[in-house]
Amino acid sequence: MKTNLRLIGGKRLQSPKNIYTRPTTLRVREAIFNILNNKVENSNWLDLFSGTGAISCEAYNHGAKKIIAIDKNKNNSKICLKNLLSLQDIENRKNDIDVICKDVLKWTRPNYERNLSSQIMDLNKLKFDFVYLDPPYNVTFYELVLNQIFNCNFLKKDSIVICEHSPNLCIKKSTLWETIDARDYGQSRLTFLINVQHS
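Residues numbered from 1 in each chain as written. Predicted model: local features only at pLDDT ≥ 70, side-chain atom pairs only at ≥ 80, totals over all residues. Heavy atoms only, no water.

(A) Structural context of the overall build of the chain. What the chain contains, in helices and strands, is five helices and seven strands. Along the chain, from the amino end to the carboxyl end, the secondary structure elements read α-β-α-β-α-β-α-β-α-β-β-β. Within the chain, contacts between residues separated by at least 24 positions form 62% of all contacts whose residues are at least 6 apart in sequence. Accessible area of the chain: about 10,500 Å², with a carbon and sulfur share of 46%. (Helix = DSSP H or I, 4+ residues; strand = E, 2+ residues; numbered from the N terminus. Contact = heavy atoms within 4.5 Å. Areas by Shrake-Rupley, 256 points an atom, 1.4 Å probe, with all protein chains shown as cover.)

What follows is the structure, given as structure tokens:
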């Protein structure tokens, strides 16, 4: 059954008919973009396990410059692209977005060849200001994906990685990252991480 999925401004998004996709709630999305505030403007945004693309759409609406969404589910990827293409002024900005149907666990490997499906730009030159990580809450590979992300060359020194997960999960400390904030919103927790070499 389709959920009543809406963006912060009220625009309705498409969502899959299955029960396996869990779009980030409006409350959590509002919290994210209130916390980040104007830092999103002109940023490069990577949305991992993007699902319906609600986070990507919010990033676009808040002024992100480049957006790449990754999800291995073909149907989710199609819906994500449709949702992004339904946004205001998208005709002039199609080259600023890319939706890639790939397994995040493979795509974030440091030596993986990341080809983009559009002419957005050479990914080897693209560095992300924000990475949003939102896999299913019951998975056990958060640490693996985080290790891969922080070992890749697509982060800036001051990039922020945002993890959405169950409050029952605690993101472990690492020599690669440090936690700068963690907040609970009902059944969801947001953990904000930065590179330990952040300057």
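Next comes the rest of the write-up.
(B) The packing of aromatic side chains, seen in detail. According to the stated counting rule, one finds six aromatic pairs in the structure shown. Residues Trp-107 and Phe-154 carry aromatic rings whose centres are separated by 6.0 Å and whose planes lie at 35 degrees to one another, so their mutual orientation is tilted. Separated by 47 residues along the polypeptide, Trp-107 in helix H4 (residues 104–107) and Phe-154 in the loop between helix H5 (142–151) and strand E5 (155–165) bring together distant segments of the chain. Each member of the pair, Trp-107 as well as Phe-154, carries the same accessibility label: buried. (Phe/Tyr/Trp six-rings, centres within 6.5 Å; stacked < 30°, edge-to-face > 60°. Buried < 20%, exposed > 50% of the residue type's maximum accessible area, 1.4 Å probe, protein only.)

(C) Here's a closer look at the sheet that holds strand E6 (residues 177–185). As summarised here, the arrangement of the seven strands in space is E3-E2-E1-E4-E5-E7-E6, forming an open sheet in which the pairing is mixed. Every interior strand has two partners, whereas the edge strands, strand E3 (97–100) and E6, have only one. Taking each pair of neighbouring strands and ignoring which way they run, the sheet shows an average axis angle of 15 degrees. Both E6 and strand E7 (residues 188–195) contribute to a ladder of eight bridges, which runs antiparallel. Paired with Arg-183 across the bridge in E7 is Leu-190. Helix-sheet contacts for helix H3 (residues 74–85) involve strand E2 (66–70) and E3, and the interaxial angle to E3 is about 165 degrees. Across the sheet, H5 lies against strand E1 (44–48), strand E4 (128–133), E5, E6 and E7, angled at about 165 degrees from E5, the strand it touches most. (Pairing = 2+ DSSP bridges. Axes fitted to C-alpha atoms, helices over the stretch in contact; angles between N-to-C directions.)

(D) Structural detail: the pattern of salt bridges. Counted according to the given criterion, the structure contains seven salt bridges. A salt bridge links Arg-29 to Glu-58, with the nearest nitrogen and oxygen atoms 2.6 Å apart. Pair noted here: Arg-29 is in helix H1 (residues 26–36) and Glu-58 is in helix H2 (residues 54–61), with a separation of 29 residues, a long-range link. Per residue, the accessibility class of Arg-29 equals that of Glu-58, and both read buried. (Salt bridge = Lys/Arg side-chain N within 4 Å of Asp/Glu carboxyl O.)

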